[in-house]
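Listed below, chain by chain, are the residues.
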Amino acid sequence: MAALGRCARRLLLLRGFPARGARAGSGPGGEAAAVAVTPPPAARAPRQQQHEEEEEEGSMVAMLRKNPDYHGFDPDPVIDLWNMRLAFFFGVSLCIVVGATFLHYLPDHGMRKWARREAEQKVKERERLGLPIMDSNYFDPSKLVLPDEE
Amino acid sequence: MLKILLPMTALLLTTTICKPKQLWPTTSINTFGIALLSLQWFKPSQELTMSFSNYYTSIDYISAPLLTLSCWLTPLMILASQNHLIMEPISRKRTFIFITTLLQISLVLAFSATELIMFFIMFETTLIPTLAIITRWGNQVERLNAGTYFLFYTLIGSLPLLIALLSLQNQIGTLSTYMIQLNQPTMLNTWAHTTWWFALLTAFMIKMPLYGLHLWLPKAHVEAPIAGSMILAAVLLKLGGYGIIRIMPTLNPLSKTLSYPFMVLALWGVIMTGSICLRQTDLKSLIAYSSVSHMGLVIAATLTQTQWAYTGAITLMIAHGLTSSMLFCLANTNYERTHSRTLLLARNMQLLYPLMGLWWLLTSLANMAIPPTINLMGELTIIASLFNWSNITILATGLGTIITATYTLYMLSTTQWGGTPSFIKMMPPTHTREHLLMILHILPMTLLMMKPELIWNTFY
């Protein structure tokens, strides 16, 4: 309800009517009070009224008045549109999509994923055959050449 | 390497001579192209050593993510700045982009440097463009003070670092990152070596920042324009972390005893800055203190020098870079409309800007380290490795996690929910540009969730 009122006020503003301050969501009573305050501007000269509004507005709304499809890039509508298209193309279509594809298909560095799969396959195989999964010796003891007892 | 450095240098020229109407589109295209090319660094050609090597630069699994992050952030900085520079004359716009590109070049050279002196020179070089951005394009009077704090805090640490690096060169014979890790332990338990140890680390601690040396950060982050805040939070802080990781191999065996005060300060800082966040009235200041909190975890991790800790540190650095930069962009969307950073001034924004509310929600969730984000991966790895180092740290890190969640929720609920304040007269709608900026932050975070091995390599 309050949101609708706010949207309506924004639309009114863009069409050149003064927008009074939004009341904190108080319901019908607040809305009626806001509407009741609105009438006086008809007494002022239109140009002065617009000038005062523009002073309150700031550059963002001024941009939107001149170019309702303002994307946020440039006051000139053509450059604004093209800048938006280029930013989206190079940013999303190239960097994110093509970049992510490149990164996805990177080779398995250091054979880590292969090692994991190999280990899982070996464990499954050894369990199937009933063999112990791993030997607790890292090296084969028969191949170690130890010095004599001195 | 030259594929990236030459286009960046060419961008310096393009910025000065291209037509005024095409300035922003051209620079956006160029920086996005550079960002695309920077992804090649994730494909290391060597198993163990560094890749893409030449005499001066090389890439390994620690520098590649940070390099790509700094190359990705430059087009985002250019996107973010287009609105607040809209009223500036063309020559100042050109200067701004020129400075941003200079910053990017020095960052790329810093992260890829093989020689520690080159790293130091580039570390210092990043100060000047950042100072220019803060003091020239900041919005309040305090920016001059902020610039002074930023510059001199860093320089006070850097002068001892220079002397210490040169004496390290004297001692070891080389400062090449390939060679110093192969050395005998150099730091013995003498007063001279203790000072040497502190001299080598203090500059990076100030940069990160460590809790006791962090005063420059809230000032600099708050007073900087959006591009300055983004690059400061996302990349410049990580220069400190990267420096610590590179220098730690030379600091044995003294690190075993001397890292204690830094670890205590870092962990205490996590809790303290988290608590300060709960009392902040300024939105950007809240995000700045949040950065200190996260970086405290990174410092504690890098000082333990274990594999898990390094992995967690790098992951959290990348994750925090993207998250923090996105938070600053979101705060900037509020600032550009209300021209105030007061947290209570822009309440119930979700009602006015539902889509922006989605970005606020996702970023806050990421900042809270929700699974499965890379923020969680980093934080959890760090917490686990710190627990392994000493059981008691779990008290600090656990409490830190809770406080992080609390202030992040506080920030989210204050800006997004509650009743609309009666003093909001008019809030212009959001721009496509702003949503694009948020998308370009959140998509890399989401994609990294799918393939964290890119930033993890020390785990493997």
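Thresholds applied
Residues numbered from 1 in each chain as written. Chains lettered and ligands numbered in written order. Predicted model: local features only at pLDDT ≥ 70, side-chain atom pairs only at ≥ 80, totals over all residues. Heavy atoms only, no water. UniProt positions renumbered as here; feature names shortened; annotations may be inferred. Helix = DSSP H or I, 4+ residues; strand = E, 2+ residues; numbered from the N terminus. Buried < 20%, exposed > 50% of the residue type's maximum accessible area, 1.4 Å probe, protein only. Contact = heavy atoms within 4.5 Å. Areas by Shrake-Rupley, 256 points an atom, 1.4 Å probe, with all protein chains shown as cover. Lys, Arg positive; Asp, Glu negative; His and termini not counted. Charge placed at Lys NZ, Arg CZ, Asp CG, Glu CD. Salt bridge = Lys/Arg side-chain N within 4 Å of Asp/Glu carboxyl O. Polar contact = N/O pair within 3.5 Å; in protein donor to acceptor, adjacent residues only side chain to side chain. Nonpolar A, V, L, I, M, F, W, Y, C, P; charged D, E, K, R; others polar. Expected span 1.5 Å × (residues − 1). Patch = residues over 30% accessible without salt bridge, like charges linked within 9 Å, V, L, I, M, F, W, Y side chains within 5 Å. Axes fitted to C-alpha atoms, helices over the stretch in contact; angles between N-to-C directions. Parallel < 35°, antiparallel > 145°, perpendicular 65-115°, else oblique. Left-handed = near helix turned anticlockwise from the far one by under 90°. pLDDT = per-residue confidence, 0-100. Phe/Tyr/Trp six-rings, centres within 6.5 Å; stacked < 30°, edge-to-face > 60°. Lys NZ or Arg CZ within 6 Å of the ring centre and 35° of its normal. Core = buried A, V, L, I, M, F, W, Y, C linked by side-chain atoms within 4.5 Å.

Under an unreviewed UniProt entry, the name given to chain B is NADH-ubiquinone oxidoreductase chain 4, and the source organism is Chrysemys picta bellii. Its UniProt record gives chain B a comment under Sequence similarities (unreviewed entry), which states: "Belongs to the complex I subunit 4 family." Turning to chain B, the UniProt annotation filed under Subcellular location (unreviewed entry) states: "Mitochondrion membrane".

**Things to note about the overall build of chain A**
For chain A, the helix and strand inventory stands at six helices and zero strands. In chain A, the order of α-helices and β-strands from amino to carboxyl end is α-α-α-α-α-α. The 150 residues of chain A split such that 23% are buried. Nonlocal contacts in chain A, meaning residues at least 24 apart in sequence, comprise 25% of its contacts between residues at least 6 apart. Counting only carbon and sulfur atoms, one obtains 62% of the accessible surface of chain A, whose full area is about 11000 Å².

**Examining the overall build of chain B**
Secondary structure assignment for chain B yields 20 helices and zero strands. Within chain B, the fraction of its 460 residues that count as buried is 64%. Expressed as a percentage of contacts within chain B between residues at least 6 apart in sequence, the contacts between residues at least 24 apart total 83%. A total of about 16000 Å² of accessible surface is found on chain B, and carbon and sulfur atoms cover 69% of it. Within chain B, one finds 22 positive and 12 negative side-chain charges whose respective centroids are separated by 8 Å.

**A short note on the pattern of salt bridges**
Residues and elements named next belong to chain B. If you walk through the whole model with that rule in mind, you get 13 salt bridges over all chains. When the shortest N-O distance is used, the salt bridge between E336 and R433 registers 3.9 Å. Of this pair, E336 sits in helix 14 (residues 307-338) while R433 is found in helix 19 (residues 432-450), placing the two residues 97 residues apart along the sequence. A network of salt bridges, in which partner residues are shared, links E336, R337, R433 and E434.

**Looking at the interface of chain B and chain A**
Listed per partner, the contact involves 48 residues of chain B and 42 residues of chain A. Where chain B touches chain A, the interface holds two salt bridges. Note that K113(A) and E453(B) form a salt bridge whose closest N and O atoms lie 3.0 Å from each other. Linking chain B with chain A are six residue pairs in polar contact (both at pLDDT 80 or more), by the criterion used here. Sorting the residues of the side of chain B that touches chain A by element identifies helix 2 (23-38), helix 3 (63-81), helix 14, helix 15 (349-352), helix 19 and helix 20 (453-456) of chain B as the ones contributing at least two each. A per-class count over the side of chain B that touches chain A returns 28 nonpolar, ten polar and ten charged.

**A short note on helix 14 of chain B**
Residues and elements named next belong to chain B. Given a rise of 1.5 Å per residue, 32 residues ought to cover 46 Å, and the 46 Å separating the end C-alpha atoms of helix 14 matches this to within 8%. Along helix 14, 30 of the 32 residues are buried, which leaves the element largely enclosed by surrounding structure. Following helix 14 by one or two positions, H339 adopts a phi angle in the positive range, close to 55°.

**Notes on the UniProt feature "domain: NADH:quinone oxidoreductase/Mrp antiporter transmembrane" (unreviewed entry) in chain B**
When the UniProt feature table is mapped onto this chain, "domain: NADH:quinone oxidoreductase/Mrp antiporter transmembrane" (unreviewed entry) is found at residues 113-403 of chain B. The straight-line gap between the two end C-alpha atoms of residues 113-403 of chain B is 37 Å; of that span, 77% is helix and 0% is strand.

**Regarding a nonpolar patch on the surface**
Residue and element names in this part refer to chain A. On the surface, Y138, F139, L144 and L146 cluster together to form a nonpolar patch covering roughly 570 Å² of accessible area. Secondary-structure assignment places Y138 in the segment after helix 6 (112-129). Judged by its relative accessible area of 76%, Y138 is exposed.

**Structural notes on the packing of helix 16 (residues 354-367) of chain B against helix 19 of chain B**
Helix-helix packing: each pair is described by the crossing angle between the helix axes and the interaxial distance. All names here are of chain B. Helix 19 packs onto helix 16 with a crossing angle of 30° between their chain directions and a minimal axis gap of 11 Å. Taken together, the axis directions place helix 16 and helix 19 in an arrangement best described as roughly parallel. Note on packing geometry: the crossing formed by helix 16 with helix 19 is left-handed. Contact residues: L355, M356, W359, L362 and A366 in helix 16; E434, H435, M438, I439, I442 and M445 in helix 19.

**Here's the deal with the confidence of the model for chain A**
As a note on interpretation, predicted positions should not be read in detail where pLDDT is low. Residues and elements named next belong to chain A. Put simply, chain A has an average pLDDT of 73, and 62% of its residues get 70 or more. Across chain A, the element-wise mean pLDDT spans from 41 in helix 2 (residues 28-37) up to 95 in helix 5 (residues 77-104). Within the model, pLDDT remains below 50 along residues 1-5, and this stretch shows three contacts once partners closer than five positions in the same chain are excluded. Across residues 16-44 the pLDDT falls below 50, and counting only partners more than four positions away or on other chains, this stretch makes 32 contacts in the model.

**Quick word on the side chain of H294(B)**
Residue and element names in this part refer to chain B. You can see H294 is positioned in helix 13 (residues 283-304). A distance of 3.0 Å separates the side chain of H294 from the side chain of N367, its partner in a polar contact. In this structure, H294 is in contact with L316, H320, N367, E379, T404 and Y407, ignoring residues within four places of it in sequence.

**Structural notes on helix 2 of chain B**
Between the first and last C-alpha of helix 2 of chain B there are 22 Å, a value that for 16 residues agrees with the 22 Å anticipated at 1.5 Å per step. All of the buried residues along helix 2 of chain B are L23(B), W24(B), P25(B), T27(B), S28(B), N30(B), T31(B), F32(B), I34(B), A35(B) and S38(B).

**Some words on the UniProt feature "domain: NADH:ubiquinone oxidoreductase chain 4 N-terminal" (unreviewed entry) in chain B**
Within this structure's numbering, the places UniProt gives as "domain: NADH:ubiquinone oxidoreductase chain 4 N-terminal" (unreviewed entry) are residues 1-110 of chain B. What you have in residues 1-110 of chain B is 65% helix and 0% strand, and the ends, taken at the C-alpha atoms, are 13 Å apart.

**Regarding the packing of aromatic side chains**
Inspection of the entire model under this criterion finds 16 aromatic pairs over all chains. Pairing Y55(B) with Y56(B) gives two aromatic rings, centres 6.4 Å apart and planes at 70°, and the pair type is edge-to-face. Here Y55(B) matches Y56(B) in class, with each residue exposed. Taken together, the ring pairs in this structure connect F111(B), F119(B), F123(B), F204(B) and Y242(B) into an aromatic cluster. Of note, R85(A) hangs over the ring of W82(A), and the distance from its end group to the ring centre comes to 5.2 Å. The ring of Y353(B) carries R337(B) above its face, with NZ or CZ at 5.4 Å from the centroid.

**Brief notes about the nonpolar core**
W41(B), W72(B), L165(B), L200(B), L201(B) and L440(B) are the most contacted members of the largest nonpolar core, which has 169 residues in total. For W41(B), the contacting residues outside a window of four places in its chain are M1(B), I4(B), F52(B), I59(B), A64(B), L67(B), T68(B), C71(B) and V108(B).

**Let's talk about the packing of helix 10 (residues 216-223) of chain B against helix 11 (residues 226-247) of chain B**
All names here are of chain B. Packing of helix 10 against helix 11 brings their axes to within 7 Å, and their N-to-C directions diverge by 140°. Relative to helix 11, the element helix 10 lies oblique. Taken together, the residues of helix 11 that come into contact with helix 10 (itself represented by W216, L217, A220 and H221) are S229, L232, A233 and L237.

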